[in-house]
Amino acid sequence: MLLFKQVLPFQKHISKLKKEGKKIGFVPTMGALHQGHVSLIRQSLKDTDCTVSSIFVNPTQFNDPSDLQKYPRTPEKDLAELLNTGNQVLFMPDVTEVYPPSKKLKLDLDFGYLDQPMEGAHRPGHFAGVAQVVKRLIEIVKPHYLYMGQKDFQQFTIIQHMLNELKSPVKLIVCPIIRESDGLAMSSRNVLLTPQQRSLAPAIHQALQDAKMKIHAQFPRQIEAEALSQLSAQGLQPEYFSIVEGRTLRPVELFEETDFAVACTAVKIGNVRLIDNMILKEE
Ligand code: AMP
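Residues numbered from 1 in each chain as written. Predicted model: local features only at pLDDT ≥ 70, side-chain atom pairs only at ≥ 80, totals over all residues. Heavy atoms only, no water.

Undergrad: Tell me about helix α11 (residues 220–233), and please be specific about residues and values.
TA: Compared with the 20 Å implied by 1.5 Å per residue over 14 residues, the 20 Å span of α11 between its first and last C-alpha is a close match. Buried residues of α11: P220, I223, E224, A227 and L231, and no others. Looking down the long axis of α11, one finds its buried residues gathered within 100 degrees of arc, a one-sided arrangement. For α11, the secondary structure elements touched by its buried residues are α10 (202–213), β7 (237–245) and β8 (260–269). (Helix = DSSP H or I, 4+ residues; strand = E, 2+ residues; numbered from the N terminus. Expected span 1.5 Å × (residues − 1). Buried < 20%, exposed > 50% of the residue type's maximum accessible area, 1.4 Å probe, protein only. Arc of directions from axis to C-beta. Contact = heavy atoms within 4.5 Å.)

Following this line, the structure appears as structure tokens:
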């Protein structure tokens, strides 16, 4: 595996591969890698000739400085995992490579309603930071394919919107959520849970599954209210549990009126904030 920390030699290598006609797949991550990340890399290895992963904890998407500070960082373990998976190129820049002071990188894109609800409402500025870093990284890498997880449902929806708006040739591939055996969605933040908090965490997946069971019998707002009380009763602090239309992210009023309904939730367990989602209906 080749490791690059600087933009110029990295770009030189990638453009050589592209001149040779190689298809490039790109997997952006913030490190502290787990099997969810590995699943994206495996998909890229299947689809393309060269898989490029990046590890960059992007400061501009953290609205809470203490969240940025305590974000898990495990570079040595990550390198071993990437080698083991067969990832070919790793880009691990520092902040000044990604955001050189000389470059104007502020992105003025209108996401319409997409960045208003859910994560947008609870993490002001988060998606502006995510879009900024993904735009910058794909300008550097210029991949054919970009791999992201369904785990961050609102994020990939916004990035697809951005790619459309920018008329970008990059094709976004969304990969399924990888879960622990008890249902907890894999996340870099899971290591921050104490054993007692970890034992509560599968309740998030349970609430999503229970919601899915109810779609033929109850209205979306009722299901949301029950999920919120169920999570609170189990000692978790849900921030939202929203049943939304999968393309517009607007609230679903009646399941009969949409062919794509998704339940998205953010839950705090102590100081650890976890997100998860489940497609309730897709035709
Ligand atoms: P992160 O390092 O958390 O920024 O995530 C990097 C990429 O991995 C994003 O596209 C995430 O959606 C994806 N990802 C994170 N967790 C999972 C998971 N459990 N299953 C599948 N993809 C995931």
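Text resumes after the structure shown.
Undergrad: Describe the site of the ligand, with residues and values.
TA: Surrounding the ligand, one finds 16 residues, the nearest of these being M30, H37, D152, I178 and M186. Contacts to the ligand include G149, whose backbone N or O atom sits 3.0 Å from an oxygen atom. Separating a nitrogen atom of the ligand from a backbone N or O atom of I178 is a distance of 2.9 Å. Starting from 480 Å² of accessible surface for the ligand in isolation, the protein chains cover 92%. Only β2 (24–29), α2 (35–47) and β5 (145–149) provide two or more residues apiece to the shell around the ligand. The dominant element in the shell around the ligand, judged by the number of residues it contributes, is α2, at 3 residues. (Near = heavy atom within 4 Å. Polar contact = N/O pair within 3.5 Å; in protein donor to acceptor, adjacent residues only side chain to side chain. Areas by Shrake-Rupley, 256 points an atom, 1.4 Å probe, with all protein chains shown as cover.)

Undergrad: Describe in detail the pairing of strand β9 (residues 272–282), supporting the description with residues and values.
TA: The element β9 is extensively covered by neighbouring structure, given that 10 of its 11 residues are classed as buried. Of the strand pairs in this sheet, β8 and β9 are connected by 10 bridges, and their pairing is antiparallel. Across the sheet, residue K268 finds its bridge partner in β9, namely R273. Between β8 and β9, which follow one another and run antiparallel, lie 2 residues, and G270 among them has a positive phi close to 60 degrees. (Pairing = 2+ DSSP bridges.)

Undergrad: With reference to specific residues and values, describe unusual backbone geometry.
TA: Backbone geometry places A32, a non-glycine residue, at a positive phi of 50 degrees. Along the polypeptide, A32 turns up in the loop between β2 and α2. For A32, a relative accessible area of 10% puts it in the buried group. Despite not being glycine, K142 has its phi angle at roughly 50 degrees, a positive value.

These values are about where atoms sit, not about what they do.
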